[in-house]
Structure formats: structure tokens, C-alpha cells
Amino acid sequence: MATRRRTATENVARMASNRLAQTTKNNYNNKINIFKRWVRSHDDPTVACMCNDEGELSLPLRKDTILEFFGYVGNGGDRIEEDTPVAGSSSSRPAPANAPVAGSSSSPSSPPVAQEEEPRSHEPFKAVSTIGGYRSALVALYKSHRISDQFPKDEVSEFCSGYKRTIAKEKEDGRLPQREGKRACSMDTYKQLLRCSIEHGYETAAYMTNTLFLLLCWNLMSRSISVGRLCYDHITWVGDALVVELPRHKGDQEGEYCYPKHVYANPLDPMRCSILH
């Protein structure tokens, strides 16, 4: 197959596209698709016409439409199918969570439809991070069309600020769980995981995948995805320390503030020692 060098214009577009990670792009696309379906199913025809049959939005959108969407999402809203394509979809309001899907069987053997998690009766609000995700997705959409200055940042920020205070008040009154998302791994849990990883011996594949991975995650205090991307070029020795330098991490995607991490031997507890292992 013949190959050619990228043109300067193609290279500029490629570098600009790399501004966001692929997982972030996928997350934003899912949220924008939900927004498009909400627009198309709106009762007001002047709002519904802002998204055409090809799934293209008429930007910039009205400020009151964007704020209404945040109010809709922040209140739980209807259950929305995340993976349903926008183009050619029905313009009707999404069905309630307990309504049968058209053309599907109501028997228990029917495959489940991929949907956003329905708010529980004691959790009428979405997580604060979910609301922030929708804001970031819409900001990225406006930025990609070079109209960032037309996004109602102040109004949306006011809503998000009030939403955070509302969630805090709900937690204070005991109507929402105190914690959202993942919880920290305690030292006792970490030790138990290490014991489980080595109790069947030191078979090479399992040792590299489980034991060594756990040791590096803990000793480097890094996310699992960062440890999974380590290469030999990222590891060296300085004196009696194993030095690991991560090129980037979630909070520093451009690698401007990454610094070497030094891992030392722990002869008092060999099971938790990355060097002795």
C-alpha cells in the first residue's frame, strides 16, 4: 500500500484533535447525543427544530434552552438510552423507565437496553460530577465550532454552584449518601490483596499482572491506568532507589509538572516491598 506524508494542514488538525483523550471524546459524544435527543423531543417546536434529522445542532443555542436542559438533568429527568443513535430517531418524548420498548418482548429473557441509571427513590439528584460532565461536553462542543464566547458560562456556573450547595444540604439532612464514586483502599485491604495475589505461588504471568501491579500502584500512589502504561524507559536506578518517572497523568495530560518518584526497599515488611519482590 502506498503511503504519503501528512500535509501541514492535516498535521495541524491531528494535533488539535489530540487536545482531548479518546476516552474523554467518547464521554463527551455520549452526553452530546443525550442533549440532542432531549432537544428533538422537546415540546416546544422552536427548540425541537434546533437539531435536524442528521443529528446536527444549530449553534449557538438559546441560553434558556441550555439552562432548561441542566435543570432537566439535575432533577433526574426521564430515563434516556445513551447508545441510541440520534440521526433518524423518533421526535417523541423518551418513554418512562417502566414502559416496554417498541418491538421487544416483555419477557424476562429480553436483553436489557443500555440506559442511564435510573435515579433511586432516595437519590433524586445526579452526582455533581455528572452535571460537570455535561457542562464540559457542551463547552467542548462550542469550542470545536470556535464560538466559545457565546456559551452562557456565567449562568451555567451559577446553576452548578447552586447545585453543589443543594447536594451538600441533602447530604447534611441525611437524604443522600455522604460518599460518591470510589472509596479509598485501606492498608488492611491492600495487604489482603497482596496475600491473595501470592498465595498460589509466583507464576510469571499472574505475578506480573497482579502482585507487581499492586505493589507499584501503592508505592507510586498512581492510578492503575498510569501504572499499566509504564515502560522500561520510564524506570531507572538512582543510588539505592528505584526511580519511576511517569510522562503524564490524569491531572497533567501535557506532562509539564510530572516529577520522578523514588521507591525504596522495605526490609521490615518484605511482602510490601517493590524492590525485594
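Predicted model only: the values in this text are computed from it and were never measured. (Residues numbered from 1 in each chain as written. Predicted model: local features only at pLDDT ≥ 70, side-chain atom pairs only at ≥ 80, totals over all residues. Heavy atoms only, no water.)

### Digging into the nonpolar core
Of all hydrophobic cores here, the largest spans 30 residues; its most connected members are Phe-35, Val-39, Ile-66, Phe-69, Phe-70 and Leu-138. Looking at this core, the elements that each hand over two or more residues are helix H2 (22-40), helix H4 (63-74), helix H5 (128-144) and helix H6 (153-172). With seven residues, H5 is the single largest residue contributor to this core. When residues no more than four places from it in sequence are discounted, the contact partners of Phe-35 are Leu-57, Leu-61, Phe-69 and Leu-138. (Core = buried A, V, L, I, M, F, W, Y, C linked by side-chain atoms within 4.5 Å. Buried < 20%, exposed > 50% of the residue type's maximum accessible area, 1.4 Å probe, protein only. Helix = DSSP H or I, 4+ residues; strand = E, 2+ residues; numbered from the N terminus. Contact = heavy atoms within 4.5 Å.)

### Focus on the pairing of strand S2 (residues 241-244)
Residues Ala-241 and Val-243 point to one face of S2 and Leu-242 and Val-244 to the other, with burial holding for every one of them. What sits between the antiparallel neighbours strand S1 (residues 235-238) and S2 is a turn of two residues, in which Gly-239 has the positive phi angle 65°. (Pairing = 2+ DSSP bridges.)

### What to know about the pairing of S1
Summarising the sheet, S1 and S2 pair through four bridges and their orientation is antiparallel. The partner of Ile-235 across the bridge, within S2, is Val-244.

### Concerning the confidence of the model for the protein
Across the protein, pLDDT averages 80, with 81% of residues at or above 70. Within the model, pLDDT remains below 50 along residues 77-81, and this stretch shows 19 contacts once partners closer than five positions in the same chain are excluded. Note on residues 87-123: pLDDT is under 50 here. Beyond four places in sequence and across chains, it has 44 contacts. (pLDDT = per-residue confidence, 0-100.)

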